[in-house]
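Observations on the three-dimensional arrangement
Residue-level listing of the chains:
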Amino acid sequence: MLYAHNISLYPNAYIAHINLGNEYRNKKQYEQALQYYNQALNINPSASKAYYNQALTYQEIGHIDAAIEAYTNAILYDDKYALAMVNIGKIYADREEDVLAEELYVQAIKADPSYALAYYNLGVLYVKYDKYQEALQQFRLAIERAPYHVSSHVNLIWSLLALELLEEALMELNNAIRRFPEEKRLQDILHTLQSRGIVQ
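Residues numbered from 1 in each chain as written. Predicted model: local features only at pLDDT ≥ 70, side-chain atom pairs only at ≥ 80, totals over all residues. Heavy atoms only, no water.

1. A few points about the side chain of Thr-57
Rules: Helix numbering and strand numbering both begin at the N terminus, where a helix is a DSSP run of H or I of at least 4 residues and a strand a DSSP run of E of at least 2. A contact between two residues is defined here by any heavy atoms of the two lying within 4.5 Å.
Tracing the chain through its elements places Thr-57 in helix α4 (residues 48-60). If near-sequence neighbours (up to four positions away) are discounted, Thr-57 is found in contact with Arg-25, Tyr-30, Ala-33, Leu-34 and Tyr-37.

2. A short note on the side chain of Ser-152
Here Ser-152 lies in helix α10 (residues 150-162). If near-sequence neighbours (up to four positions away) are discounted, Ser-152 is found in contact with Tyr-120, Phe-139, Ala-142 and Ile-143.

3. Notes on the pattern of salt bridges
Rules: By definition, a salt bridge exists where a carboxyl oxygen of Asp or Glu is found within 4 Å of a side-chain nitrogen of Lys or Arg. Relative accessibility under 20% of the residue-type maximum defines a buried residue, over 50% an exposed one, and the middle range a partly exposed one, all with a 1.4 Å probe and only protein chains included.
Under the counting rule described, the total for this entry stands at eight salt bridges. Glu-183 serves as the salt-bridge partner of Arg-185, at 2.8 Å between the closest nitrogen and oxygen. In this structure, Asp-188 engages Lys-184 in a salt bridge whose closest nitrogen and oxygen atoms are separated by 2.9 Å. Linking Asp-188 with Lys-184, this pair stays in helix α12 (residues 184-195), spanning four residues, or about one helical turn. Its relative accessible area of 31% is what places Asp-188 among the partly exposed residues. Salt bridges sharing common partners tie together Glu-96, Asp-98 and Lys-128.

4. Quick word on the environment of Thr-57
Of the residues examined, Thr-57 reaches a relative accessible area of 0% and is grouped as buried. Counting along the chain gives 24 residues from Thr-57 to Ala-33, while the straight-line C-alpha distance between them is 7.7 Å.

5. Remarks on helix α3 (residues 30-43)
In plain terms, the rule: Here the expected span of a helix is defined as 1.5 Å times the quantity of residues minus one. What the arc covers is the set of directions going from the helix axis to the C-beta atoms.
The end-to-end C-alpha distance of α3 is 20 Å, a good match for the 20 Å that 14 residues give at a rise of 1.5 Å each. Along α3, the positions that sit buried rather than exposed are Tyr-30, Ala-33, Leu-34, Tyr-36, Tyr-37, Ala-40 and Leu-41. Viewed along the axis of α3, the buried residues span an arc of 160°, placing them on a single side of the element. Exposed residues pointing more than 90 degrees away from the buried face of α3 are listed as Glu-31 and Asn-42.

Okay, here's the thing in structure tokens:
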């Protein structure tokens, strides 16, 4: 492996340890992956990317509390780490700890206002509580930042329908189908509206 060779030449190259850990994680060799992330942290205890990848590994093997701790450490050493914030937020949302999830999504937006998935996940959380107006805003902000994120379009359309904004929903649906003609979820919305006699 290239990174193993780099480590043999430069044993204190913590980035090489992280990259080698990622190779093992991609192969689902999780114990070896964690070993290299830990070695990276021994070299550089503030390596936020090592904590982040450590967290991903813990999530994949179902050690969720350990994943939260590792994500938290990643944010501790990089307070702009929006991806880590969103990932913790999603864990809390899965646990029905929605107040904490919302706090993490909002924190992620403040940390990186360009990160579309923070807005998207916040919108999904608002939909759960029938806060469709607030959800609309978040889905639109997500689409502005990531126009090809299909799930944002799908949830935007459903939110418009929930608010009975039919004309706007149909416009969004037509535009989305033109952009993503093979997307099944959009076709499902169209078929639902057709079955209800709303569109031909």
